[in-house]
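Tertiary structure, described
These are the residues of each chain, in order.
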Amino acid sequence: MAILLSDSKYKYDVAFAFLEKDEPLANHINDLIKDKISTFLYSKKSEDSLNTKPEKTFIDVFERQSRFIVILFSSKWGTTPWTAIEEKAIRNRALEVGFDFLLCIPLDNPPETPRYLPQNRIWSGLSKLGVKGAAIAIEELVLSLG
């Protein structure tokens, strides 16, 4: 059972934003942390979307309901209908509170990231530290917020 951090303002400790092709990686990282912190992975939370429009769920999750967001960034992220909704919600939130709630993990080789992201919000250790390293980094960043 995941332990939700003390701030009840958030429904999730971590929400993952990614392209459909990167879902296996998102699932793998999620599986490594979900017993320690609460997570939102749209494919795992489809029941949340049954009572509302999926677009509204995405906006709520990425703007307000998640303490921390992880973008698994491939060059096409932000250009598909769903990732465009994620990106807009994330950018809206960043305008209000800054980028401390965000970690971007570039997946392409050579690595690309959104131009608007500060360098300290980019984690480039996936090729060296692997999925377990990413899970540890995410968990430590989330716990540091609490």
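Structural notes, computed from the coordinates. (Residues numbered from 1 in each chain as written. Predicted model: local features only at pLDDT ≥ 70, side-chain atom pairs only at ≥ 80, totals over all residues. Heavy atoms only, no water.)

We now examine the pattern of salt bridges. Inspection of the entire model under this criterion finds 7 salt bridges. Note that Asp 13 is salt-bridged to Arg 67, the shortest N-O span being 3.5 Å. Of the two residues, Asp 13 is situated in strand β1 (residues 12-18) and Arg 67 in strand β3 (residues 66-73); the sequence distance between them amounts to 54 residues. Asp 13 gets classed as buried once you look at its relative accessible area, which sits at 0%. The partner of Lys 56 in a salt bridge is Asp 60, and the shortest N-O contact between them spans 2.8 Å. Taken together, the positions of Lys 56 and Asp 60, both in helix α2 (residues 54-65) and 4 residues apart, correspond to about one turn of that helix. Note on Lys 56: relative accessible area 45%, which makes it partly exposed. What emerges from the salt-bridge pattern is a single network uniting Lys 56, Asp 60, Glu 63 and Arg 64. (Salt bridge = Lys/Arg side-chain N within 4 Å of Asp/Glu carboxyl O. Helix = DSSP H or I, 4+ residues; strand = E, 2+ residues; numbered from the N terminus. Buried < 20%, exposed > 50% of the residue type's maximum accessible area, 1.4 Å probe, protein only.)

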